[in-house]
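Residue-level structure breakdown
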Amino acid sequence: MQWITNNLPYLLAGISVGGQYALIAIGYTMVYGILRLINFAHGDIFMAAGLIMVYASASMPFYLSIPLVLVLTVLLGFAVERVAYKPLRQAPRMSVMISAIGVSYLIQNVALYVTGGLSQQYPNIPWLSDTVVVFGAMTKRVTLITPVLTLILIVLLVLLINRTKIGMGMRAVSKDFETSLLMGIKIDNVISVTFIIGSFLAAVGSLLFFTNYTGVTPTVGAMPGLKAFVAAVFGGIGSVPGAVIGAFIIGICENIIKALGWTTFSDAFTFALLILILIFKPTGLFGEKTTDKV
Amino acid sequence: MAEHVLRLENVTMQFGGVVAVNNLSMEINEGEIVALIGPNGAGKTTAFNVITGVYAPTNGQVAFRDETIVRNHPQGKMKKLYRGENAEMYTAEYKLERLEGESDDAYAARQDAEKARDPFAFTSRVFEPTPDKITDLGMARTFQNIRLWKSQTVFDNVLIAKHLRRTSNLFSAAFRGNKKEENRQREEVLELLKIVGLEDVKDELSTSLPYGKQRRLEIARALATNPSLLLLDEPAAGMNPQETDELTAFIGEIRDQFKITILLIEHHMNLVMDISDRIYVLDFGKLIATGTPQEIQANQKVIDAYLGVEEEHAEN
Amino acid sequence: MIQQKKSSKANLIFILGLLVLIFVLEQVIPSSSMLLTVIKKSAIYALAAVSMNLLNGFTGLFSLGQAGFMLIGAYVYGILNIPVADRAAVYQYFDGGVIQFSIVDGLQGVLGSAVGLILGVLLSLIIAGLVAGVFAYLIGLPVLRFRGDYLAVATLGFAEIIRAFFQWDVLGPVTNGSNLLRKFANLDDFNIVSGGRVAVHLSTTVLVLIVVACILVITLIINSTYGRAFKAIRDDEVAAEAMGINLARHKMLSFVISAFFAGVAGGLLAMYQTTVQAMPFKTAMTYEILLIVVIGGIGSVTGSCISAFIFVGASEWWLRFLDMEKYNIGGLNILRPGFRKVVFSVAIMIIVLFFRKGIMGESELNIAGLGRWLKRVFTKKKAAPAAAEEGKNHG
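Predicted model, so just to flag it, every value in this text is computed and none were measured. (Residues numbered from 1 in each chain as written. Chains lettered and ligands numbered in written order. Predicted model: local features only at pLDDT ≥ 70, side-chain atom pairs only at ≥ 80, totals over all residues.)

Below, the discussion takes up the nonpolar core. Judged by nonpolar contacts, the single largest core of 286 residues is most densely connected at A25 of chain A together with L47 of chain C. Once residues within four sequence positions are removed from consideration, A25 of chain A is found in contact with A228, A231, A232, A243, G246 and A247 of chain A. (Core = buried A, V, L, I, M, F, W, Y, C linked by C-beta atoms within 7 Å. Buried ≥ 20, exposed ≤ 12 C-beta atoms within 10 Å, placed from the backbone. Contact = placed C-beta atoms within 7 Å.)

All names here are of chain B. The domains assigned to chain B are domain 1 (4-138 + 228-315) and domain 2 (145-226). Summarising the inter-unit geometry, the C-alpha centres of domain 1 and domain 2 are found 30 Å apart. With nine residues of domain 1 at the interface, the matching set in domain 2 holds nine residues. At the level of elements, α4 (131-137) and α9 (241-258) are the ones that each hand at least two residues to the side of domain 1 that touches domain 2. Considering every element that reaches the side of domain 1 that touches domain 2, the biggest residue donor is α9, with three residues. Residues that form the side of domain 1 that touches domain 2 fall into these classes: four nonpolar, three polar and two charged. (Domains from an automatic or database assignment. Helix = DSSP H or I, 4+ residues; strand = E, 2+ residues; numbered from the N terminus. Nonpolar A, V, L, I, M, F, W, Y, C, P; charged D, E, K, R; others polar.)

Quick look at the sheet that holds strand β4 (residues 59-64) of chain B now. In sheet architecture, strand pairing relies on hydrogen bonds along the backbone and comes in two forms, parallel and antiparallel. Residues and elements named next belong to chain B. An order of β2-β1-β4-β5 is seen for the four strands of this open sheet, with the pairing classed as antiparallel. In this open sheet, the two edge strands, each paired with only one partner strand, are β2 (18-29) and β5 (67-72). Within this sheet the neighbouring strands show an average axis-to-axis angle of 15°, counted without direction. By the bridge criterion, eight bridges tie strand β1 (residues 4-15) to β2 in an arrangement that is antiparallel. Pairing of L8 across the sheet is with M26, part of β2. Contacts from helix α1 (residues 44-51) reach β1, β2, β4 and β5, with the element oriented near 65° to β2. (Pairing = 2+ DSSP bridges. Axes fitted to C-alpha atoms, helices over the stretch in contact; angles between N-to-C directions.)

For chain C, per-residue confidence averages 88 on the pLDDT scale, and 94% of positions sit at 70 or higher. Within chain C, helix α17 (residues 380-394) of chain C has the poorest average pLDDT of any element, 47, and helix α12 (residues 247-273) of chain C the best, 97. (pLDDT = per-residue confidence, 0-100.)

All right, on to the environment of A159 of chain C then. All names here are of chain C. Inspection of the secondary structure puts A159 in helix α7 (residues 148-167). Residues A159 and L207, spaced 48 residues apart in sequence, show a C-alpha to C-alpha distance of 25 Å. Apart from residues no more than four positions distant in its own chain, A159 is found in contact with G65, A67, G68, T283 and T286.

With 35 residues of chain C at the contact, the number on the chain A side is 34 residues. Where the side of chain C that touches chain A is concerned, the elements lending two or more residues are α6 (113-143), α7, α13 (283-296) and α15 (339-354) of chain C. Examining the composition of the side of chain C that touches chain A, we find that twelve residues originate from one element, α7 of chain C, more than from any other. Classifying every residue of the side of chain C that touches chain A by side-chain character gives 25 nonpolar, six polar and four charged.

The next thing to look at is the environment of A63 of chain B. All names here are of chain B. Topologically, A63 is positioned in strand β4. Residue class for A63 comes out buried when judged on the 20 C-beta atoms lying within 10 Å of it. Put simply, A63 and T167 are 104 residues apart on the chain and 27 Å apart in space, counted from C-alpha to C-alpha. Apart from residues no more than four positions distant in its own chain, A63 is found in contact with R7, T68 and I69.

Next up on the list: the packing of helix α5 (residues 154-161) of chain B against helix α10 (residues 225-235) of chain C. At a closest axis distance of 10 Å, the pairing of α5 of chain B and α10 of chain C adopts a crossing angle of 105°. Judged by the angle between their axes, α5 of chain B and α10 of chain C are roughly perpendicular. Residue-level contacts link D156, L159 and I160 of chain B of α5 of chain B to R228, A229 and A232 of chain C of α10 of chain C. Taken together, the residues that form the contact of α5 of chain B with α10 of chain C break down as four nonpolar, no polar and two charged. (Parallel < 35°, antiparallel > 145°, perpendicular 65-115°, else oblique.)

What follows covers the pairing of strand β9 (residues 278-283) of chain B. Residue and element names in this part refer to chain B. One ladder, built from four bridges, connects strand β3 (residues 33-37) with β9; its direction is parallel. When the bridges of β9 are listed, I37 appears paired with V281. Here β9 runs beside strand β10 (residues 286-291); their pairing, made up of five bridges, is antiparallel. When the bridges of β10 are listed, I279 appears paired with G291. Connecting β9 to the antiparallel partner β10 that follows it, the hairpin turn spans two residues, and F284 within it adopts a positive phi of roughly 45°.

Let us now look at the pairing of strand β3 (residues 137-140) of chain A. Residues and elements named next belong to chain A. Summarising the sheet, strand β2 (residues 131-134) and β3 pair through four bridges and their orientation is antiparallel. Looking across to β3, one finds that V134 is bridged to A137. The antiparallel pairing of β2 with β3 creates a hairpin that spans two residues between the two strands, and F135 there sits at a positive phi of about 45°.

Further remarks concern the confidence of the model for chain B. Residue and element names in this part refer to chain B. In the predicted model, chain B carries a mean pLDDT of 90, and the fraction of residues at 70 or more is 97%. Per-element confidence in chain B ranges from a low mean pLDDT of 48 for helix α13 (residues 310-315) to a high of 96 for α5. Overall, residues 312-316 carries pLDDT values under 50, and its contacts beyond four positions in sequence, including any with other chains, amount to one contact.

Here the focus is the sheet that holds strand β8 (residues 261-265) of chain B. Residues and elements named next belong to chain B. The sheet built from six strands is open, its strands ordered β6-β7-β8-β3-β9-β10 with mixed pairing. Strands at the two margins of the open sheet, each flanked by one partner only, are β6 (139-141) and β10. Recorded for the sheet is a direction-independent mean angle of 15° between the axes of neighbouring strands. Relative to strand β7 (residues 229-233), β6 runs parallel, the two being bridged by three bridges. By the bridge assignment for β7, M139 is matched with L229. Along the sheet face, α1 touches β3, β6, β7, β8 and β9 and points at about 145° away from the line of β7. Along the sheet, helix α12 (residues 300-307) makes contact with β9 and β10, crossing β10 at roughly 130°.

What follows is about the packing of helix α5 (residues 141-163) of chain A against helix α6 (residues 165-175) of chain A. Any two packed helices are characterised by how steeply their axes cross, that is the angle between the axes, and by the distance between the axes. Residue and element names in this part refer to chain A. Interaxial distance between α5 and α6 falls to 5 Å at its minimum, and their mutual angle equals 80°. In terms of their interaxial angle, α5 and α6 are classed as roughly perpendicular. Contacts between α5 and α6 involve L160, I161, N162 and R163 from the former and G167, M170 and R171 from the latter.

Here it is, written out as structure tokens:
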């Protein structure tokens, strides 16, 4: 029992962080599935959502600020796609990736300017940040809410992808970009919706993530972003359930490593995992194999 | 035994459940021009890709100048999935079939003969060289969908192919210790461009050339690797009749001038019938006929494969 | 051919002229001047950018590991050159560390202070590059098989792993954990001092000289048969392999060469900063170097050099005023710390989106060519009717 009380917080934290990574990872995996682009700016959009919350909650009550954060983050994601990726639709993939890195650099610098480089105190969202006791272990309620909320959102997303017309468009575009274009699918709309969904989930993720971590700095999004990307690769890039499972595995492993006292390597572990996957199963858990035609 | 330049033995290539090339065996002799023909999707380019190392075959082996260079048998997941023939032929489990009333001695003698013919017989040895190793042995190819180096000039496209035959290392190359070699290579490239008639456009970007000249450049580039066997994948694709005639003559000239052997895939029947010494015909991955152009033209199976058989029409 | 020789001669003369100019500048303007700082830092970034360009621009391998290799170079240089007497102070948390020699100090003891310094620094930089190269080789074994964007993330990941290792306190006796390395031979040691005052300033000139030498070597490699093979891999991997270019070997070669020079750049950065710590060698540093490459033109060595100067100059100096509140006009409070970087990143985005070829595209700055071009521009007026005539004929 003592052992459980000692280690349960790590496991709970792992599941919770995993859920937050999952919400970010979906944005990566969907964009990659459709545009074959690693959206390096996605982690920064997640950070921006955190900052917006900091400033919004300072001047309005939570029932206004939370929806505002969701709306503004979605707008940001939409704008990034329209301004930085859409003009490069015909350009080589390397150019788009560089543009994504440029956007990441820009968002971080704007954040630096706005915050003056100081870590911003994340507001205590009532109810979410209340302390609860589970099996004798103290934790915040958000830790318990995260996995539940994540699963609900993912079920909704999977329904959207499989049951709606726009979802069918997404599936078609991710299978074959060119042919979808010829078949009259409005690719730009599909891509925009993808970015909107990705940013929305990243915003929800940021609400949950920062409630546990309190401080928002301009570069805080980079690491969770990269980890979420690794989760997406782990699950098989392009696959939503794969990304979610990958994210939970990474979140839990990372916290186990922290529990073992190897905190220095908790980030490095993620990348080691990435490299192992790419060596032994480059298509990830649920990815589809593609072959180049000669 | 006469030496074959290239010999395919029971080559099968299966992608997932699809058998693209099924138990293909063929031989090419010194100095021949051999054509591999067949309807679209018959597996010609796949066979090419197996020969040049782009794909490792699922089963079978390829020998170049009687030396086994590519060899494989169904492994891993393919073991269960494999739908071709001779599944065990290239493994240690393989045994010769006993002829009726054959004595033990005769059987052993036959087994020894097989071992003498193929030193890797009755073993599970696998050879999967990368394409560059195969090019190094003396085979060079062109591509169905032209693959020139786009940002390079015509001259550099051919010069880069000379890289394979360098003797310099990184240091001697960087610090110009290889000046002699470099100059010799440049002269050879110029010579080669003269032969293929691209000397006047040598400083232009490869992609700025008209289609026909791009194909010639690809051939020149392949020749720059000093091959003894040249593999041409649809060299006349997209050419008009006049260009095709020119190319036909050109291929013959190359064979005589460079004393090389040529294997080509082609759809233009005039070209094939004009220059080929022998023809292999593939349909649905299987060899359906082989022989001289005259024999192939008269072969009912080939005609059926190209035109479709009456029954099939009725069914459809 | 003859023209080529002439133009490379002109280029060499130009580079020599540049070195002389920097030497003279260094003597006449104060050593704390912003111009010298920018020259130094941009020279180091130019080398890092050119080494990245070799990989990304000339071989077509999109790698984001540059900061990691620079970190290795910086640490190796630092670790090898802390004087034995100072080790106890530097490695105060690790009992003076395990390494108890200093290359520069050791050589100076044998060869005298000037020769010892020069040879020691060169030797240390080469070792720094070699160690980075060895790491690159080990990383390259698994990573170089990955396709395009996976390679980018994997190299980025390795750079982060490297950073974690160098900060790990178990390795502290060698790396000093997350503490500063300092007191090793730096650029100011090259200044010739007499009577307590600096008689001849050499710190900038020496740095630029080393960078120029390295970039020349990279250029020689790019123009050799190996460089042509790299470009073939970039243009079409399948065709390159079919023409007998061993992909694994050549990609590895390019990767290791790039890491070697990134390591040297890291060593130079250590000399310039006089201290080394793992923290700044983050992904952001790789991104900055990548952006320099993009602005200069992916596939242009001279482009990377020019762009490094502009990038460092703009971010460290010319745009400084954007950070200063005193320049605000009319009660607007836009200018304050951080605004410079915002303007800067917007400018970068404009280049990335609308001037994708960068300053130079894939071509190189050629002094003889530049001269011919200038001549044409200046004689344009006189030649205008003739040119019009020519145009008609062509049309």
